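Results of the structural survey
This is what each chain is made of:
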Amino acid sequence: MNILLYRYNSICESSILAVWKKSGFQITEITEEMENKDLSPKEQMLLVSAPLKTNHFDLVFSINFFPVVSEVCNIFKTPYVCWIVDSPVLELYSNSIYRPWNRIFLFDYTLYQEFAPKNPECIFYLPLASDVTTMKPICDSITDNDRLQYSCDISFVASLYTEKCPYNKLNNPPDYLRGYLEGIIASQLKIYGYNFIRELVTTELVTEFKKYLPGFYRFPDNYEKNEIAVVADLYLSTKVTEQERLHLLDRLSEQFSVDLYTGSDTSLLPKVHAKGLARTYSDMPKIFRLSKINLNMTAKSIKSALPLRIWDILACGGFLLTNYQSEIPEYFEAGKDLETYSSEEELLEKCRYYLTHEEERMQIAENGYQKVTKFHSLEQRLGEMFDLLTAHNHL
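Below you will find a few notes about this structure. Just so you know, these numbers come straight off a predicted model, no measurement behind them. (Residues numbered from 1 in each chain as written. Predicted model: local features only at pLDDT ≥ 70, side-chain atom pairs only at ≥ 80, totals over all residues. Heavy atoms only, no water.)

**Notes on the pairing of strand β8 (residues 258-261)**
Both faces of β8 are covered, namely the face carrying Val 258 and Leu 260 and the face carrying Asp 259 and Tyr 261. Alignment of strand β7 (residues 152-157) against β8, held across four bridges, turns out to be parallel. Paired with Val 157 across the bridge in β8 is Tyr 261. Relative to strand β9 (residues 273-276), β8 runs parallel, the two being bridged by three bridges. The partner of Leu 260 across the bridge, within β9, is Ala 274. (Buried < 20%, exposed > 50% of the residue type's maximum accessible area, 1.4 Å probe, protein only. Helix = DSSP H or I, 4+ residues; strand = E, 2+ residues; numbered from the N terminus. Pairing = 2+ DSSP bridges.)

Below, the structure written as structure tokens:
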């Protein structure tokens, strides 16, 4: 298999690259966007088309969807395989999604339901997976000094979204608009497993919202201009995520010892133990293994899927306590492989319980590790991807 890999520095890229190289695939990497995020569409086009002119590739691959790559592959009649691992990915509203040479894999089933009808023969559902192969040797190398540094009761490794919440640019909206928006946010904060924000965003609300949001996202030409999705997923869902993380971490730190690994400003959380950023392939696996409870709070723009953080914690043999997502029962049994919460009160109660029930906690962590090792490794998931492509005669 000869693959042209278009990279932009997603944390998923290196793991996939390692799996494919181990499988004997020939990989040619396009890496310019890893250093330069301001490449023009023309520059992207030239970067992809140049190797396609001189070499045969079985497919072009990227994490997330690049419309320019899709267009170039359509011209060269080369399959463009991409795996959507984030949300929102507004590039999916590009008209390039209709191209027949696309092979788009979506990690969130709710996203799949939205976009599959646009190109049903070329869009698939594929959940994320655990990179056990990468994580295991890091966890196996844990030292006594690591135990002193990383062991804790509760840890949370993630952004607080305070520094990347575009809703916070809202500029002096009238009371009626602010009140309605705050009502949506407060309501969604109380509901787990179902994001209903889009149902409450109307075209009239979008019109009003845009008046008071400087620099409101503008779709490029040749995109479906779904501004309801932008307000719901980019602005409001991000704000809900920010507020949830700040509130729950504040409540937890009032009762428990909480280590927070983040590059965000932690001044609003004076009782947490702010540890700074955790490096993905050195610090994080050790944190996951040595924390008694690893907390996950899924970004609200991820409607039903399991985010990468869930798979990473389980790959390290860590005990996971996560908010409920509707796809969790498809892959794991709550209380056996991991644990879930569906309210603030349940979160506090389960932290209290599992911090005092070590044997049960450790057994759940071991069960989760065995489950992902046996059924949900990255190698297995990439195999499922190629099985789907082959079954649909897409290679």
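Structure shown, so let's carry the discussion forward.
**Considerations on unusual backbone geometry**
Following Ser 87, the chain continues into Pro 88 via a peptide bond in cis, with omega recorded as 0°. Tracing the sequence through the fold places Pro 88 in the loop between β4 (80-84) and β5 (102-106). Even without a glycine there, the phi angle at Lys 77 is positive, about 55°. Along the chain, the position of Lys 77 falls in the loop between α4 (67-76) and β4. Residue class for Lys 77 comes out exposed when judged on its relative accessible area of 55%. At Asn 393, a residue that is not glycine, the phi angle is positive and equals roughly 55°. Within the secondary structure, Asn 393 is located in the segment after α17 (378-391).

**Here's the deal with the packing of helix α8 (residues 175-189) against helix α10 (residues 203-211)**
Taken N-terminus to C-terminus, the directions of α8 and α10 make an angle of 115°; their axes are 11 Å apart at the nearest point. Note on packing geometry: the crossing formed by α8 with α10 is left-handed. Side by side, α8 and α10 meet where Tyr 176, Leu 177, Tyr 180, Leu 181 and Ile 184 of the first sit next to Leu 205, Glu 208 and Phe 209 of the second. Looking at the contact of α8 with α10, its residues break down into seven nonpolar, no polar and one charged. (Axes fitted to C-alpha atoms, helices over the stretch in contact; angles between N-to-C directions. Left-handed = near helix turned anticlockwise from the far one by under 90°. Contact = heavy atoms within 4.5 Å. Nonpolar A, V, L, I, M, F, W, Y, C, P; charged D, E, K, R; others polar.)

**Quick word on the pairing of strand β3 (residues 59-63)**
Extensive coverage of β3 is indicated by the burial of five of its five residues. Here β3 shows two buried faces, one formed by Leu 59, Phe 61 and Ile 63 and the other by Val 60 and Ser 62. Pairing of strand β1 (residues 2-6) with β3, which is carried by four bridges, proceeds in the parallel orientation. Counted as the bridge partner of Tyr 6 is Ser 62 from β3. Across four bridges, β3 lies against β4 in parallel orientation. Bridge pairing links Val 60 to Tyr 80 in β4. Handedness of the β3-α4-β4 crossover: right-handed. (Right-handed = clockwise from strand over helix to strand, strands pointing away.)

**A few points about the packing of aromatic side chains**
Under the criterion given, the structure shown has 24 aromatic pairs. Look at Phe 216 and Tyr 235: their rings are 5.4 Å apart centre to centre, the planes differ by 15°, and that puts the pair in the stacked class. Of this pair, Phe 216 sits in the loop between α10 and α11 (227-255) while Tyr 235 is found in helix α11, placing the two residues 19 residues apart along the sequence. With respect to burial, Phe 216 and Tyr 235 carry one shared label: buried. Here a set of aromatic residues connected by ring pairs shows up, and it is made of Tyr 93, Phe 115, Tyr 217, Phe 219 and Tyr 223. (Phe/Tyr/Trp six-rings, centres within 6.5 Å; stacked < 30°, edge-to-face > 60°.)

**With respect to the sheet that holds strand β12 (residues 339-341)**
Taking strand neighbours across the sheet as the criterion, the six strands line up as β9-β8-β7-β10-β11-β12 in an open arrangement whose pairing is parallel. The outermost strands of the open sheet, each flanked by one partner alone, are β9 and β12. Across the sheet, the mean angle separating the axes of adjacent strands is 25° when strand polarity is ignored. As paired elements, β7 and strand β10 (residues 291-296) share three bridges and run parallel to each other. Residue Ser 155 lies in a different strand from β10, and its bridge partner there is Asn 294. Its contacts with the sheet put helix α13 (residues 308-315) on β7, β10 and β11 (320-323), and the angle it makes with β11 is roughly 170°.

**Brief notes about the pattern of salt bridges**
As enumerated under the stated definition, the model contains 22 salt bridges in all. Across the pair Arg 7 and Glu 29 runs a salt bridge whose closest N-O atoms are separated by 2.7 Å. Of the two residues, Arg 7 is situated in the loop between β1 and α1 (11-22) and Glu 29 in strand β2 (residues 26-30); the sequence distance between them amounts to 22 residues. Residue classification places Arg 7 among the buried residues on the basis of a relative accessible area of 10%. With a shortest N-O distance of 2.9 Å, Glu 339 and Lys 350 are connected by a salt bridge. Of this pair, Glu 339 sits in strand β12 while Lys 350 sits in helix α15 (residues 344-355), and the two are eleven residues apart along the sequence. Residue Glu 339 is classed as buried on the basis of its relative accessible area, which comes to 6%. (Salt bridge = Lys/Arg side-chain N within 4 Å of Asp/Glu carboxyl O.)

**Concerning the layout of surface pockets**
By volume, the second largest pocket amounts to about 300 Å³. Lining the second largest pocket are 14 residues; nearest its centre among them are Arg 289, Ser 291, Gly 317, Met 362 and Ala 365. Elements that contribute at least two residues to the lining of the second largest pocket include exactly α12 (283-290), β10 and α16 (358-375). When residues in the lining of the second largest pocket are grouped by element, the largest group, five residues, is from α16. When its residues are assigned to classes, the lining of the second largest pocket shows five nonpolar, four polar and five charged. (1 Å grid on protein atoms, 1.4 Å probe; cavity = no way out; pocket = protein on both sides within 12 Å on 5 of 7 lines; lining within 4 Å. Points joined across faces, edges and corners; volume = space filled by probe spheres on them.)

**Looking at the side chain of Ser 155**
Relative to the helices and strands, Ser 155 is located in strand β7. Residue Ser 155 is classed as buried on the basis of its relative accessible area of 1%. Here Ser 291 takes part through its side chain, which lies 2.8 Å from a polar atom of the side chain of Ser 155. Discounting residues that sit within four places of it in the chain, Ser 155 has contacts with Asp 259, Ile 287, Ser 291, Ile 293, Asn 294 and Leu 295. (Polar contact = N/O pair within 3.5 Å; in protein donor to acceptor, adjacent residues only side chain to side chain.)

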